[in-house]
Amino acid sequence: MASKALQSLGRALLQGSGRSARVWCSAHVPALACGTAASCGPDKKCCEVRDSTSSAASGPVPPQTQRPQLRPKKRSEDPVPVSGRSYSSSAPKLDTKTYLWARYNEMKRLVHDLLPPGVCNLLNPATIYANNEVNLEEVDIYGFDYDYTLALYSNALHSMIFNTARDFLIENYKYPEGIRKYDFIPNFAARGLHYDIQKGLLMKIDAFHYIQLGTVYRGLQPVPDKEVLELYNGTHHVPLNQVSGFYGKGPKMKQFMDIFSISEMTLLAVANDYFISNSIEYDPVHLYKDVSDTIRDVHIKGYMYKWIMQDLEKYILRGDETYAVLHRLANNGKKLFLITNSPFSFVDKGMNYMVGKDWRDFFDVIIVQADKPHFFNDCIKPFRRLDRNGDLQWDKINSLDKGQIYKQGNLFDFLRLTGWRGSKVLYFGDHLYSDLADLMLRHGWRTAAIVPELEIETKVVNTEQYAQSLTWLQALTGLLERMQMHRDPESQKVLQDWLKEREELRAITKNLFNPQFGSIFRTCHNPTYFSRRLCRFSDLYMASLSCLLNYDLSYTFYPRRTPLQHEAPLWMDQLCTGCMKTPFLEEMAHIR
C-alpha cells in the first residue's frame, strides 16, 4: 500500500509541474499521451491517468492497476497535441471552481498525509558539499586561514565587538548618548546581506540582483514593499554596477561577507533606528563611514585580540577538532601552510590553546599579517621574517623555511619560493572574497569555504515543519503553473487565493531560519547573491574544518547533478551529498 501511495504522490506532483509534464508528453508516455499537463481540465479528458477527483469529474475511467509502461507507438497513432487545444467529451461537466479546489485538496492530501517519517533528518551537518569535483588523493598541500577557519569563535564575540564599537561611536565620534541604550541583537542580521549606503537600507539580494521583498530594513523596521519599489524607480532590481565590485563593495552598495560583519550590520541598524525614532536629521553616508571606522578600530587597535587572549575558553570553540585535523594531515605526509591577517602573538596564543606549544611543527610555512586580499593580487610587499619575540628581521628572504614566521609578502613570491601551484593545493577560508576568490579565478588553487551557518540551517531543514511547508509550497506552485490557463472570474479568484497561500508559505519557511532575512542561501526559490558567490569561488564548502575528519584522504567529492530547467528529472544517480538514500526520494524527484 505504501508503495502505491508513493507512486500516486509522484504522479500527482509530476502532473503539478507544467514543464515536467511537457517533457514526458513529448517522450510519448501513455500516462500523458492526451497532451501536455496544461491541456487537462474539468472538461478535458486524459487518456489513461486520472486521479479519483478528476475521475468523478469526467465520468468512469477504467481502473489503473499498474504504472503505465513506456512503449513506442507509430507517430500517426500518437501525435503530440498542442497545449490548450479543446477536445470533445460526452462526460458531464463540472464547474471550474469546484474542479480547481478538488485538485487542490487531493494534492494536499497526498503531500501532507503521505510524507513518510524518514523525510526529516536527511541531512548530516558534518557533510562536505561539492560545487566542483575534487579528488583529495591529488591534493598534496593544505593551506588555512586562521580566524573562523582554524579557530571558530563563540557568539559572545559579536556582542563584545558591537558594544565596544557602539561606545567608540558615542565617545570618539560624539554620537548621541541615547544610542548606548541599544544592546546587541543576536538574531537580527545574517551574513551576505547588502547595505544601500545612500539610503541606509539593509537587504537581501538574490543571484539575479533582485531585492527579496520583505527583507528590506531601515533601522530595525521593515520597509513596505510598495515603498521599496518607489525607492528603486518602480523595480526591485539593482543594477550590476551598483551591487558590488569584485570584493563586495560597489559605489552605492556594500555586501557584508565575513562573520565579523554581523556586529557592524547590527550597529548600523540600531544607529539608524535611533535617528529615525527621534526624528533627528542625519546623512546615511556619514553614518555608514563612521560605523565602519569604529568597527575597524576594534580590530586594528587590538581590542578583539586582547579579549580572546584573556579568555580563550570563552571565545574559542572546538579546538580539539582543529588539532585532530592537522595531526591527521601531517601524519599522512601532507604539507601544511598558514596565511592569516592576524598578528603572530594572537595566532600563537590561540594555537597553543587548541593544538599545543609545538603547533608550528605541523606547518611548513607560516605567514601572519598577510594583508589579504592584497596578498593574493599584488607583488609589492616583500616577506619579512620575525624572530621568536615577534620582532621584524632585516635579512632578505630567499626561501620560506619550516619553523620560521613570516610577515606580509605576496602570493607571487610565495609561488616562486615554494613551487606550490594549481590543483594540488587546497586552501580553506571563511571569507569568499578575501580568502578564496583570487586563488580560484587567478591561480587555479582548489578552495574550500568554511560556513558555520550551515550547522544551524541544516537543523532547520531537518525539521518536520520545514519539510511539510516546503513540499506543499512546491506542490502548490506546480498547481498554479498548470491551472493558470483558467481565465474565468471564479477561477481567477481561486488562483489568487492560492497565490496568497503561496506567499504565506514562503514567509513561514523564511522565518524558520531568520525572521528578518531568512536563509543565507536562498531568497524564496532563487539562490542568494551570497550563495552564487559561494558556488563561484569555492570547490567545497562545509560547516567547520572538522568535517574533513569524516572522509578518507583519497575520497573524491562529486557535485550533485541537478536537472537544468530545460531538462527532465529522469535521473536520481546522485542524491544530495548529505542525504540518506531512501526509495521515497526517487518519488520526490518529481517536485521541482
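Residues numbered from 1 in each chain as written. Predicted model: local features only at pLDDT ≥ 70, side-chain atom pairs only at ≥ 80, totals over all residues. Heavy atoms only, no water.

Caption draft 1: The sheet that holds strand E8 (residues 221-222), seen in detail. Taken together, the five strands give an open sheet; going across it, the order is E8-E7-E6-E5-E9, and neighbouring strands pair in antiparallel fashion. On the outer flanks of this sheet lie E8 and strand E9 (253-255), each paired with one strand and no other. Across two bridges, strand E7 (residues 217-218) lies against E8 in antiparallel orientation. In the sheet register, Arg218 faces E8, and the bridge partner there is Gln221. (Pairing = 2+ DSSP bridges. Helix = DSSP H or I, 4+ residues; strand = E, 2+ residues; numbered from the N terminus.)

Caption draft 2: Main features of unusual backbone geometry. The omega angle of the peptide bond from Lys372 to Pro373 is 5°, so this bond is cis rather than trans. On the secondary structure map, Pro373 appears in the loop between strand E12 (365-368) and helix H14 (374-377). If you check the backbone angles, Tyr148 has positive phi at about 60° while not being a glycine. Here Tyr148 lies in the loop between strand E3 (141-144) and strand E4 (152-153). On the basis of relative accessible area, Tyr148 is assigned to the buried category, the value being 3%. (Buried < 20%, exposed > 50% of the residue type's maximum accessible area, 1.4 Å probe, protein only.)

Caption draft 3: Layout of the pairing of strand E11 (residues 335-339). The buried fraction of E11 amounts to four of the five residues, a majority that puts the element mostly inside the structure. Of the strand pairs in this sheet, E11 and E12 are connected by three bridges, and their pairing is parallel. Across the sheet, Phe337 pairs through a bridge with Val365, a residue of E12. Crossover handedness for the path E11 to helix H13 (residues 344-354) to E12: right-handed. (Right-handed = clockwise from strand over helix to strand, strands pointing away.)

Caption draft 4: Main features of helix H5 (residues 156-171). The end-to-end C-alpha distance of H5, which contains 16 residues, comes to 23 Å, matching closely the 22 Å that a straight helix rising 1.5 Å per residue would cover. Listing the buried residues of H5 in full gives Leu157, His158, Ile161, Phe162, Thr164, Ala165, Arg166, Phe168, Leu169 and Ile170. In this fold, the buried residues of H5 make contact with E4, helix H8 (261-277), helix H9 (284-300), helix H10 (303-310) and helix H11 (312-315). (Expected span 1.5 Å × (residues − 1). Contact = heavy atoms within 4.5 Å.)

Caption draft 5: Just the pairing of strand E15 (residues 425-429), in detail. Counting buried positions along E15 yields five of five residues, so the element is predominantly enclosed. Side-chain alternation along E15 places Val425, Tyr427 and Gly429 on one buried face and Leu426 and Phe428 on a second face that is also buried. Here E3 pairs with E15 via four bridges, running parallel. Note on E15: the bridge partner recorded for Tyr142 is Leu426. As paired strands, E15 and strand E16 (residues 446-450) are joined by four bridges and run parallel to one another. Its bridge partner being in E16, Leu426 is matched across the sheet by Arg446. Viewed along the sheet, the connection from E15 through helix H16 (residues 432-443) into E16 turns out right-handed.

Geometric descriptors of this kind do not, in isolation, establish any biological role.
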